[in-house]
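Single-letter residue listing:
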Amino acid sequence: MSLPTVEITRRVEFSAAHRLCSPQLSEAENRRLYGPCYEHHGHNYALEVTVRGPVPTETGMVMDLNRLGMLLDEEVVSVVDHKHLNHDVPFLEGLIPTAEVVAVAFWERLQPRIEEFEGCRLDRIRLFESRENFVDYHGPTDRASRG
Ligand SMILES: [Zn+2]
């Protein structure tokens, strides 16, 4: 009999500064496009990371959620908390740090670490930039075509 597959989620929070500015646009165009976000400002972010995997009979866990939390602290929170996302974070270098772009960068950083755990794969990155605004990323492959 096949094992049930379950999605587990860990949430972490961090604070960071950024500004939105495209090098491909003029200052006037950037101001028009990004409005107040063209200026330096900060957010209290929340990151929810969902891992999907089988529940082995032996342990009853997809993955230890505390270990997932430690991994998120190590790979993300310790690198971005109280930093300026445009300048201080090597893996965001040269990117426009919108929530969309940051979510994809987090995926690329976390995915190989999650796959070290047998049978587990990264299912979703949900990044809250504020209480009202959040983005979801499910990875580079379209879910429908993945089956
Ligand atoms: Zn912002």
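This text goes with the structure placed above it.
J.: Can you explain the nonpolar core? Please cite residues and give values.
T.: Ranked by internal contacts, the top residues of the largest apolar core, which has 23 residues, are Leu 47, Val 49, Val 51 and Phe 106. Counting only elements with at least two residues in this core, the list comes to β2 (41-54), α2 (65-80), α3 (99-114) and β4 (121-128). With residues up to four places along the chain from it excluded, the contact list for Phe 106 reads Leu 47, Val 76, Ile 125 and Leu 127.

J.: How would you explain α3 if you had to name every residue and give the values?
T.: With 16 residues, α3 extends 21 Å between its outermost C-alpha atoms, agreeing within 8% with the 22 Å of an ideal straight helix rising 1.5 Å per residue. A maximum bend of about 25 degrees is found in α3 at Glu 108, where proline Pro 112 lies one to four positions downstream. Taken as a whole, α3 has its buried residues at Val 102, Ala 105, Phe 106, Leu 110 and Ile 114. In this structure, the buried residues of α3 make contact with β2, α2 and β4.

Basis of the calculations
- Residues numbered from 1 in each chain as written.
- Predicted model: local features only at pLDDT ≥ 70, side-chain atom pairs only at ≥ 80, totals over all residues.
- Core = buried A, V, L, I, M, F, W, Y, C linked by C-beta atoms within 7 Å.
- Buried ≥ 20, exposed ≤ 12 C-beta atoms within 10 Å, placed from the backbone.
- Helix = DSSP H or I, 4+ residues; strand = E, 2+ residues; numbered from the N terminus.
- Contact = placed C-beta atoms within 7 Å.
- Expected span 1.5 Å × (residues − 1).
- Bend = angle between axes of the 7 residues up to and from the residue.

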